[in-house]
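Structural overview
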Amino acid sequence: MNNIQLSDHFDYKKLLRYTFPSIIMMIFTSIYSVVDGFFVSNFVGKTSFAAVNFIMPFLMILGSVGFMFGTGGSALISKTMGEGKPDKAKELFSLFIYVTLACGVIIAILGILFIRPIAVLLGVEDLMLNNCVIYGRIILIALPAFMLQYEFQSFFATAEKPQLGLCFTIAAGITNMVLDALFVAVFKWGLIGAAAATAFSQAVGGIAPLLYFFRPNTSLLQLTKAKYDGNALLKACTNGSSELMSNISMSLVSMLYNIQLMKYAGQDGVAAYGVLMYVNMIFLAAFIGYSVGTAPVIGYHYGAGNYAELKNLLRRSLIIIGAFSLIMLGLAEGSARPLATIFVGYDSALMSLTLRGFMIYSFSFLFSGIAIYGSSFFTALNNGLISALISFLRTLLFQIAAVLIFPLFFGIDGIWFSIVAAELMAALVTILFLIAKRKTYKY
């Protein structure tokens, strides 16, 4: 792994080796809420489980600012490296980290102050409202670290140290699992224990990498004195706007799905959707991780003007994404019953609803990877506009339209069908953009 450099020629084996740590990093990050959900559902109860699923999209929106600076900044940094400016790349890296940390503190304070009225605005009431507020405020304390963790997932690949980033993420994930078991199952601290476990693990995932980059290291990046560069910040935000849009849109759509499910199936619908979202987060994390891992390589070769390698990376990546999609469909269909049993096996009606959703929802994995990779590809080419447009259409416009229309004809099944339809439309749009821009970027 250590001998793989951004400037290399990548075959299938080297691509998978280089992106594997990023894939596992994203999967472990997505496991946070999955582990919380498992312990809350089985040891605290269905109402608390629904509360976690209801407030989590709002928390993910706040944390996605770090993902924006990570993906957008990574594209600019890798392009700068490809142009032969390593010192400038370090300055940009430092600037993005410091700005993210400052934003994290401000956003966390505002989130803690306004989480209750926001939850009320979303339609939460009574005990579920108090659960949302308790869980959310504890998580928000660690928000700056969570934003840094999101950011470092991109920067470790850019620094040619994806395996080290994987180690930090695994450490954070194990911390979450152990503390959840201790706080919730052993100490019986309930929802507070689940939130505290996640907050501690996010601190590990964000602060440990910060300490690594502050010290002299063997990677391509190190934290140094940063010069304010408004143009660079604007460029990073523009480049990463698609990833920010994707995270915000997915969270907003999740809120809408929860509202629709409350309307058609009550708390059981929200709980069933929560189980599907856990599987969705883990599976999509593989696509996102692969995209994050390849983005610095694409940005480097674009900056260096190596168009033959750019074409090679796109062709091989689309084949890999296609293979991933088929595997995920098979895994989702095959694991539906055991996964539903793990989370909601104690309630037969909820179990039946969850299984039905699984069998329909699984087909969305055939199409979701194409749009995720396509958006990341254009981000790496520093074309934030097309990247953001793909993300906007995939995660907001198509899904909102589908989830509002399909249930009118198919009832609760329409909610599950809507996700499949939205992902299919986004995949078709992405393919059209890739074809339209092939001469512009010479891939």
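Let us look at the structure shown here. Because the structure is a prediction, the values reported are computed rather than measured.

Glancing now at the overall build of the protein. Of the regular secondary structure elements, the protein holds 14 helices and zero strands. N-terminal to C-terminal, the α/β element order of the protein is α-α-α-α-α-α-α-α-α-α-α-α-α-α. A globule of 443 residues ought to have a C-alpha radius of gyration of about 22 Å, and the protein, at 21 Å, matches this closely. Counting only C-alpha atoms and orienting by the principal axes, one finds that the protein spans roughly 60 × 45 × 35 Å. Of all 443 residues assigned to the protein, the portion counted as buried reaches 61%. Summarising the internal contacts of the protein: among those between residues at least 6 apart in sequence, 83% fall at separations of at least 24. Summing over all exposed atoms, the protein offers an accessible surface of approximately 16,600 Å²; the carbon and sulfur share of this is 71%.

To continue, consider the packing of helix α2 (residues 46-82) against helix α4 (residues 126-141). Following both chains from N to C, one finds α2 and α4 inclined at 45 degrees, their axes separated by 8 Å at the closest point. By the criterion of interaxial angle, the relationship of α2 to α4 is oblique. The way α2 lies across α4 gives a crossing that is right-handed. Across from Thr47, Ser48, Ala50, Ala51, Val52, Phe54, Ile55, Met56, Leu59 and Leu62 in α2, the residues of α4 making contact are Leu127, Met128, Asn131, Cys132, Tyr135, Gly136, Ile139 and Leu140.

It is worth spelling out the environment of Val344 at this point. Note on placement: Val344 falls in helix α9 (residues 307-344). For the pair Val344 and Ala271, spaced 73 residues apart in the sequence, the C-alpha separation amounts to 8.4 Å. Those residues in contact with Val344 that lie beyond four places of it in its chain are Phe49, Val275, Leu350, Met351 and Thr354.

Here the focus is the packing of aromatic side chains. Following the criterion strictly, the structure yields 30 aromatic pairs and no others. Judged by centre distance (5.0 Å) and plane angle (50 degrees), the rings of Phe283 and Phe365 are tilted. Taken together, the residues span a long stretch of sequence, with Phe283 in helix α8 (residues 230-304) and Phe365 in helix α11 (residues 365-380) at a distance of 82 residues. The pair Phe283 / Phe365 is uniform in exposure class, with both members buried. Among the aromatic residues, those joined into a cluster by ring pairs are Tyr290, Tyr302, Phe324, Tyr373, Phe377, Phe378, Tyr441 and Tyr443. Just above the ring of Tyr12 sits the side chain of Arg316; from NZ or CZ to the centre is 4.7 Å.

With that out of the way, let us pick up helix α12 (residues 384-410). With 27 residues, α12 should cover 39 Å at 1.5 Å per step; its first-to-last C-alpha distance of 37 Å lies within 8% of that length. A bend of about 40 degrees at Leu393 is the largest found in α12. Gly411, located one to two residues past α12, shows a positive phi value of around 65 degrees.

Below, the discussion takes up unusual backbone geometry. Excluding glycine, residues mostly have negative phi values, and the peptide bonds linking residues are mostly trans. One non-glycine residue, Glu160, adopts positive backbone phi at about 60 degrees. Despite not being glycine, Lys188 shows a phi value in the positive range, around 60 degrees. With respect to the helices and strands, the residue Lys188 is situated in the loop between α6 (162-186) and α7 (190-214).

On to the packing of α9 against helix α10 (residues 348-361). Contact pair α9 / α10: the axes reach a minimum separation of 9 Å and the direction vectors enclose 155 degrees. Considered as vectors, α9 and α10 are oriented roughly antiparallel to each other. Between α9 and α10 lies a crossing whose hand is right-handed. For the pair α9 and α10, contact is made by Ala332, Glu333, Ala336, Arg337, Leu339, Ala340, Thr341 and Val344 and by Leu350, Met351, Thr354, Leu355, Phe358 and Met359, respectively. Split by residue class, the contact of α9 with α10 holds 10 nonpolar, two polar and two charged.

Reading the values: the criteria
Residues numbered from 1 in each chain as written. Predicted model: local features only at pLDDT ≥ 70, side-chain atom pairs only at ≥ 80, totals over all residues. Heavy atoms only, no water. Helix = DSSP H or I, 4+ residues; strand = E, 2+ residues; numbered from the N terminus. Rg over C-alpha atoms; globule rule 2.2 N^0.38 Å. Buried < 20%, exposed > 50% of the residue type's maximum accessible area, 1.4 Å probe, protein only. Contact = heavy atoms within 4.5 Å. Areas by Shrake-Rupley, 256 points an atom, 1.4 Å probe, with all protein chains shown as cover. Axes fitted to C-alpha atoms, helices over the stretch in contact; angles between N-to-C directions. Parallel < 35°, antiparallel > 145°, perpendicular 65-115°, else oblique. Left-handed = near helix turned anticlockwise from the far one by under 90°. Phe/Tyr/Trp six-rings, centres within 6.5 Å; stacked < 30°, edge-to-face > 60°. Lys NZ or Arg CZ within 6 Å of the ring centre and 35° of its normal. Expected span 1.5 Å × (residues − 1). Bend = angle between axes of the 7 residues up to and from the residue. Nonpolar A, V, L, I, M, F, W, Y, C, P; charged D, E, K, R; others polar.

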